[in-house]
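Tertiary structure, described
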Amino acid sequence: MKQRVSAILREKLGREVILEKPRDRSFGHFATPIAFSLAKELRKSPMVIAQELASSFEDTAVFSSVESVKGYLNFRLSEDFLAEYASWALENPAEFGKQQKAQKILLEFVSANPTGPLHIGHARGAVYGDTLYRLAKHLGYDITAEYYVNDAGNQIDLLGLSIQLYARENILKEAVEYPESYYRGEYLETLAQGAIEKFGIEIFKDESCQKELAMWAKDEVMKIIVKDLGDTNIFFDTFVYESTLYEDWDRVMAKMGEGVYEKDGKVWIASEAKGDAKDRVVVREDGRPTYLAGDIVYHNQKFERGYDHYINIWGADHHGYIARVKAAVEYLGYDSTKLEVLLSQMVSLLKDGEPYKMSKRAGNVILMSDIVEEIGSDALRYIFASKKSDTALEFDLSEFKKQDSSNPIFYIQYAHARIKTLLAKAEVSQEDIAAATLKNLGEQADTLLFDALLLPEVIEDAFASRQIQKLPDYLKALAASLHKFYYDVRIIGTEDEAKLLKLLSVVALSLKTGLFLMGIEAKERMTKEDD
RNA sequence: GCGUCUGUGGCUCAACUGGAUAGAGUAUCGGACUUCGGAUCCGACGGUUAUAGGUUCGAAUCCUAUCAGGCGCACCA
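Below, the structure is looked at part by part. (Residues numbered from 1 in each chain as written. Chains lettered and ligands numbered in written order. Predicted model: local features only at pLDDT ≥ 70, side-chain atom pairs only at ≥ 80, totals over all residues. Heavy atoms only, no water.)

Another point: the protein's contact with RNA strand B. Surrounding RNA strand B, one finds 57 residues, the nearest of these being Y72, N113, K266, R284 and K425. Backbone atoms, meaning sugar and phosphate, make up 56% of the atoms of RNA strand B lying within 4 Å of the protein. Between Y486 and RNA strand B, the recorded distance is 2.5 Å, taken from a backbone N or O atom to a base nitrogen. A distance of 3.0 Å separates a base oxygen of RNA strand B from a polar backbone atom of M526. Class assignment for the residues of the surface near RNA strand B results in 22 nonpolar, 15 polar and 20 charged. (Near = heavy atom within 4 Å. Polar contact = N/O pair within 3.5 Å; in protein donor to acceptor, adjacent residues only side chain to side chain. Nonpolar A, V, L, I, M, F, W, Y, C, P; charged D, E, K, R; others polar.)

Here it is as structure tokens:
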């Protein structure tokens, strides 16, 4: 709709026009403050300009009225236009809100180390990434969801060590002395038992077996991670393993050219010259690559694969890494502005009002799977999607475990289910509903219809601004309009039944599409929790 | 100390990226069903947008300073 209006304005004025939704619906469906900016150029008052523009629109079929108020230009869409659009959407439900954006995008997210199950902090980035992915797909982007698996380096060695230590203490019943850092958690029991089946109990006795154990274990952990993600409707197109990238090492280093140099027996990247705070070590004195080394080869590989745009979602604690990775990208000869790093802020937990510190190595983490079991995937996704990703999120665990009406996901799903119930009770036929024309239904119905047809704009805006919370905000507001409408207007058995059901079908389509884009199921019927 | 993100009703967040009277939810209080699902609806209370300047027709939004907080500042990932 907005596109349509924009196009008309563009043609009329020969320029791009800012179109906004007036705060107060009585002003119309869309509005523009264009007269204010034209005032300077034309040396006329905004009121006069707006008035002149308003009167020049009278012949358009799309608008029922164009008015100037205090310098604003307010547009009201015609019933014909809205009714036609609604019919089209119901006939082509899969196309509603879709577009044909041509850009090819690589979206990398989660990328948690395969050393343990995902915790609640990972979940936020996962939800953020997957929602962006769904939005982009809907908008027609050629987007790839990618998981970068850090399966090389210290943390993998540590995983092998941790399993051995765990098994020696708990299975072999030996007295073990724990080093400063190692992983803990229930999953080690699962891994240890699996290792016995795979290798036999001997694998725990020889320290030289740690490597072999680790290489097997990290794949097992990845299976757990992929399952946890799948349980919340999050899926990846591609996985890239750090361990497979190093065969390219020499070639990539050569490609870096003057970007890398040797000093004190180490290899450094000259990132300071590209805006980083200082140069960074890429290869240590003993020849082991640092974490950054993997990212350099990985990003080279990404850019060689040739996308138009790259989005990385990182935890906010990695923001110091942006400058150095971008430096590397530039030395590799690519445009670093094509790399967009989005940060997912920390999720800080409170337990009984006290900060609850999580540490993967200490094992006192809140697992994503625990929360999903507790409140369900839908609620988890809704909660994380409804907060701006770059603000810290804080909540009390006890609060989080509550399952009551304060969770808006129920409110939205209830709205959808209500419509479905009405449709099931309809006294008119499907054909009557499809054939009905959405006109002369009164102002409240017109408003509801317009609100429901606004979804495409919300999708586009949410993705363009990378602010996915706009979608849940919109759905909540639409659900509220529906509930109010339902309360005010009797539907079944009335003269306008077919029309009204058609209107509600559009609302249902909008809710269902929006929920799908959030990875949430639109329920046909609400069932009370018994326990 | 340096960098970075963030400060909006008691709490959690909006405000279309500079536009019309700063809006929702929640909490609290009060009201609405012999009616299509009350997991609903209506109303009340609640704001100097952290503070002080500045930019202009117009600022929660942009600039400067100050204050407060999160996160970074590794040859760990």
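On we go from here.
In this section: the nonpolar core. A general trend in soluble globular proteins is that nonpolar side chains are found buried together. Among the nonpolar cores identified, the biggest contains 133 residues, and M1, L77 and L229 are the most heavily contacted of them. For this core, the domains that each give at least three residues are domain 1 (2-77) and domain 2 (408-517). When sequence neighbours within four positions are dropped, the list of residues in contact with L77 reads M1, V5, H29, F30, V62, F63, S64, L82 and F450. With 31 residues, the next largest nonpolar core counts L106, M256, Y321 and Y331 among its residues. (Core = buried A, V, L, I, M, F, W, Y, C linked by side-chain atoms within 4.5 Å. Buried < 20%, exposed > 50% of the residue type's maximum accessible area, 1.4 Å probe, protein only. Domains from an automatic or database assignment. Contact = heavy atoms within 4.5 Å.)

Here we take up the pattern of salt bridges. The final tally for this structure, using the stated rule, is 24 salt bridges. Put simply, E304 and R251 hold a salt bridge, and the shortest N to O gap is 3.0 Å. One end of the pair, E304, is in helix α10 (residues 291-304); the other, R251, is in helix α9 (residues 249-256), and 53 residues separate them in sequence. In this structure E304 comes out as partly exposed when scored by relative accessible area, which is 37%. The exposure class assigned to R251 is partly exposed, which follows from its relative accessible area of 40%. For R324, the salt bridge identified is with D276, shortest N-O distance 4.0 Å. Of this pair, R324 sits in helix α11 (residues 321-331) while D276 sits in the loop between β8 (266-269) and β9 (280-283), and the two are 48 residues apart along the sequence. D276 carries the same exposure label as R324, and that label is buried. (Salt bridge = Lys/Arg side-chain N within 4 Å of Asp/Glu carboxyl O. Helix = DSSP H or I, 4+ residues; strand = E, 2+ residues; numbered from the N terminus.)

All right, on to helix α20 (residues 497-517) then. Spanning 21 residues, α20 covers 30 Å between terminal C-alpha atoms, matching the ideal 30 Å at 1.5 Å per step. Across the 21 residues that make up α20, a large majority, 18, are buried. Of the residues flanking the end of α20, it is G519, one or two places downstream, whose phi is positive at about 75°. (Expected span 1.5 Å × (residues − 1).)

According to the stated counting rule, one finds 18 aromatic pairs in the structure shown. Pairing F109 with F236 gives two aromatic rings, centres 4.6 Å apart and planes at 35°, and the pair type is tilted. Pair noted here: F109 is in the loop between β4 (104-108) and α5 (120-138) and F236 is in the loop between α8 (210-230) and β6 (238-241), with a separation of 127 residues, a long-range link. Per residue, the accessibility class of F109 equals that of F236, and both read buried. Here Y141 and F463 contribute two aromatic rings whose centre-to-centre distance is 5.1 Å and whose plane-to-plane angle is 45°, an arrangement assigned as tilted. Within this pair, whereas Y141 is found in the loop between α5 and β5 (142-149), its partner F463 is found in helix α18 (residues 455-464), the two being separated by 322 residues in sequence. Each of the two residues, Y141 as well as F463, counts as buried. A connected cluster of aromatic rings, assembled from ring pairs, spans F109, Y147, F236 and F239. In this arrangement the basic side chain of K263 is found over the ring face of W268, its NZ or CZ atom lying 5.3 Å from the centre. (Phe/Tyr/Trp six-rings, centres within 6.5 Å; stacked < 30°, edge-to-face > 60°. Lys NZ or Arg CZ within 6 Å of the ring centre and 35° of its normal.)

Where like charges cluster on the molecular surface, the negative patch consists of E186, D370, E373 and E374. For E373, the position within the fold is in helix α12 (residues 368-375). (Patch = residues over 30% accessible without salt bridge, like charges linked within 9 Å, V, L, I, M, F, W, Y side chains within 5 Å. Areas by Shrake-Rupley, 256 points an atom, 1.4 Å probe, with all protein chains shown as cover. Lys, Arg positive; Asp, Glu negative; His and termini not counted. Charge placed at Lys NZ, Arg CZ, Asp CG, Glu CD.)

Here we come to the packing of α18 against helix α19 (residues 470-488). Interaxial distance between α18 and α19 falls to 9 Å at its minimum, and their mutual angle equals 160°. Classified by the interaxial angle, the pair formed by α18 and α19 is roughly antiparallel. By crossing handedness, the relation of α18 to α19 is classed as right-handed. Of α19, the residues touching α18 (which contributes L455, V458, D461 and A462) are K470, L471 and Y474. (Axes fitted to C-alpha atoms, helices over the stretch in contact; angles between N-to-C directions. Parallel < 35°, antiparallel > 145°, perpendicular 65-115°, else oblique. Left-handed = near helix turned anticlockwise from the far one by under 90°.)

This paragraph deals with the sheet that holds β6. Remark on secondary structure: sheet strands pair via backbone hydrogen bonds, oriented parallel or antiparallel. Taken together, five strands build an open sheet; the order of strands is β6-β5-β4-β10-β11 and the sheet is parallel. Since the sheet does not close on itself, it has two edges, and those belong to β6 and β11 (339-344), each with one partner. Strand-to-strand, the axes of this sheet are offset by a mean angle of 25°, without reference to chain direction. Bridge count between β5 and β6: four bridges; the pairing is parallel. Residue pairing for β6: E146 is matched across the bridge by T238. Across the sheet, α10 touches β4, β5, β6, β10 (309-315) and β11, and the angle it forms with β5 is around 160°. (Pairing = 2+ DSSP bridges.)

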